[in-house]
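# Observations on the three-dimensional arrangement
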Amino acid sequence: MKSEDLYKESKKYLPGGVNSPVRAYKPYPFFVDKGKGSKIYDVDGNEYIDYCLAYGPLVLGHSHERIVENISEAIKKGTTYGAPSEKEIILAKEVINRVPCADMVRFVNSGTEATMSAIRLARGYTSRNKIVKFEGAYHGAHDYCLVKSGSGAATLPDSLGIPEDTTKNTLSVPFNDEEAIKQLIKNEGNNIACIIMEVVMGNIGCIQAKKGYLEFLRKITEENNILLIFDEVITGFRIAKGGAQEYYNIKPDLVTFGKIIGGGFPMGALAGKKEIMEMIAPSGSVYQAGTFNGNPISVIAGITTLNLLDNKFYKKINEKGDYLRSNIKNIIEDLDLNLNPVGLGSMFQIYFNPNEVLDYSDAKNSDSEKFFLYFKELLKNNVFIPPSQFECNFISIKHSKEDLDFTSDSIEQSLKKVFK
Ligand SMILES: *Cc1c(COP(=O)(O)O)cnc(C)c1O
């Protein structure tokens, strides 16, 4: 069956025809046959250079040889145990060695579980109930954080089924706005358990903190005994060996991981200071548990991945990012378009917006309808990016110079078509 028919069929059995909302777009999404390296192939016979990369995990590209090899071996020894195994220690040590704030780790199954557990831990540790998040930041699909969160939720700022009793404790403020935080802490400081943030806002495009903003947040949270949680589900192991906290040289109290840490398999983690982490059950009284926590297959894929991500790797992948971003910048200038290319490391996006984008409301001012046309043109030109202005595009180590040049060409053709 072709994608169009599969989608029709799928809608009968799966709500909206997909298992996560961003995957559905009009008139129908392509259905995947396979992925290999920098490419993804659909059932209709098309090949695309992939910059969605499963929304972040595939920093090594699809189906990396080493992961396939190690997983195939590991799977013969069982797929899950419900008892500890040594591999979990190896991965924990790897995370702790790389990540400045990490003394101890708890492995969970997704980014959602990681942030949910980190927030519970922050509340348990501080004996405070309120949490602060930034407008447009996405921390997974759980009740605490689905308030003004990015991605699909940018147009649906809330969800049915979440009690107001839950979200009344979730305070949202604009990103990059020192006054907003000062005011909030002045009024509510003694009730705030944590500020949770995406250091680079990757679920509303790609927004970086203004110079000095992270330092400001670190200082004001410390002064008010509020925990600072970096949600590094995207940035962790992507923008530097130790993630965004290494890249920007700011140490949070807790950090959450997902996406890359499972090497393409489902996994998440929270990590942080020993004193805080030891409050997690069974050593402490903050409950956290999971049948598949520390799943041996995910853990082996994670170890295999992190072992490949050394300094040379980051130099190489970031150079790819610099190269593509500079091509994009030149294309936009040559075509004399009022667009705003952004990104860092192996992350990039084009805001269809003439102005600088510093927060959620700036991002929402972008022309997302034109962006969607651009997305569809790119598909016709054999390049796959996430179908939304409010996602980030990713590069893998498997993207060759040839891929990047082909992509630059496709971007140029697509922008010409959209803005003709
Ligand atoms: C993807 C994402 C999550 C949620 O992770 P899942 O594994 O999809 O549950 C949380 N935080 C950020 C910053 C993310 O990008």
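Computed from a predicted structure; not experimentally measured. (Residues numbered from 1 in each chain as written. Predicted model: local features only at pLDDT ≥ 70, side-chain atom pairs only at ≥ 80, totals over all residues. Heavy atoms only, no water.)

### Some thoughts on the environment of Lys-148
Within the fold, Lys-148 resides in the loop between β5 (130-134) and α5 (164-167). The exposure class assigned to Lys-148 is partly exposed, which follows from its relative accessible area of 34%. (Helix = DSSP H or I, 4+ residues; strand = E, 2+ residues; numbered from the N terminus. Buried < 20%, exposed > 50% of the residue type's maximum accessible area, 1.4 Å probe, protein only.)

### Description of the site of the ligand
Taken together, Ser-110, Gly-111, Thr-112, Tyr-138, His-139, Gly-140, Glu-198, Asn-203, Asp-231, Val-233, Ile-234 and Lys-259 form the complete shell of residues around the ligand. Within the contact set of the ligand, a nitrogen atom lies 3.3 Å away from a backbone nitrogen or oxygen of Tyr-138. Protein coverage of the free-state accessible area of the ligand, which is 380 Å², stands at 83%. Per-class residue counts for the shell around the ligand are 3 nonpolar, 6 polar and 3 charged. (Near = heavy atom within 4 Å. Polar contact = N/O pair within 3.5 Å; in protein donor to acceptor, adjacent residues only side chain to side chain. Areas by Shrake-Rupley, 256 points an atom, 1.4 Å probe, with all protein chains shown as cover. Nonpolar A, V, L, I, M, F, W, Y, C, P; charged D, E, K, R; others polar.)

### Observations regarding the domain arrangement of the protein chain
Per the domain assignment, the segments of the protein chain are domain 1 (1-50) and domain 2 (65-308). Placing a centre on the C-alpha atoms of domain 1 and another on those of domain 2 gives a separation of 29 Å. (Domains from an automatic or database assignment.)

### What about the nonpolar core?
In a soluble, globular protein the nonpolar side chains are often hidden away together inside. Membership of the largest hydrophobic core comes to 76 residues, with the highest contact counts inside it found for Phe-134, Ile-181, Phe-237, Tyr-248, Leu-309 and Met-347. No other element matches the 6 residues that helix α10 (residues 296-308) contributes to this core. Sequence-distant contacts of Leu-309, defined by excluding residues within four places in its chain, comprise Val-59, Leu-60, Arg-98, Phe-237, Lys-241, Ile-260 and Tyr-314. Counting residues in each nonpolar core, the second largest holds 30 residues, with Ile-49, Leu-337, Tyr-374 and Leu-415 among its members. (Core = buried A, V, L, I, M, F, W, Y, C linked by side-chain atoms within 4.5 Å. Contact = heavy atoms within 4.5 Å.)

### Quick word on the sheet that holds strand β10 (residues 227-231)
The strand order β4-β12-β11-β10-β7-β5-β6 describes an open sheet built from 7 strands, whose pairing is mixed. This sheet does not close on itself; its edge strands, each paired only once, are β4 (104-108) and β6 (170-173). Pairs of neighbouring strands in the sheet enclose a mean axial angle of 20°, with direction left out of account. Where strand β7 (residues 192-197) lies against β10, 4 bridges are found, and the strand directions are parallel. Bridge pairing in β10 links Ile-196 to Ile-229. Lying on the sheet, helix α3 (residues 86-98) is in contact with β4 and β11 (254-257); it crosses β4 at an angle near 125°. Docked against the sheet, helix α6 (residues 178-188) engages β5, β6 and β7, running at close to 150° with respect to β6. (Pairing = 2+ DSSP bridges. Axes fitted to C-alpha atoms, helices over the stretch in contact; angles between N-to-C directions.)

### Some words on the layout of surface pockets
Approximately 570 Å³ is the volume found for the second largest pocket. Lining the second largest pocket are 27 residues, and of these Glu-88, Val-105, Arg-106, Phe-107 and Pro-282 lie nearest its centre. Listed by contribution, the elements that provide at least two residues to the lining of the second largest pocket are α3 and β4. Per element, the largest residue contribution to the lining of the second largest pocket is 4 residues, and it comes from β4. When the residues that make up the lining of the second largest pocket are grouped by side-chain class, the tally is 15 nonpolar, 8 polar and 4 charged. (1 Å grid on protein atoms, 1.4 Å probe; cavity = no way out; pocket = protein on both sides within 12 Å on 5 of 7 lines; lining within 4 Å. Points joined across faces, edges and corners; volume = space filled by probe spheres on them.)

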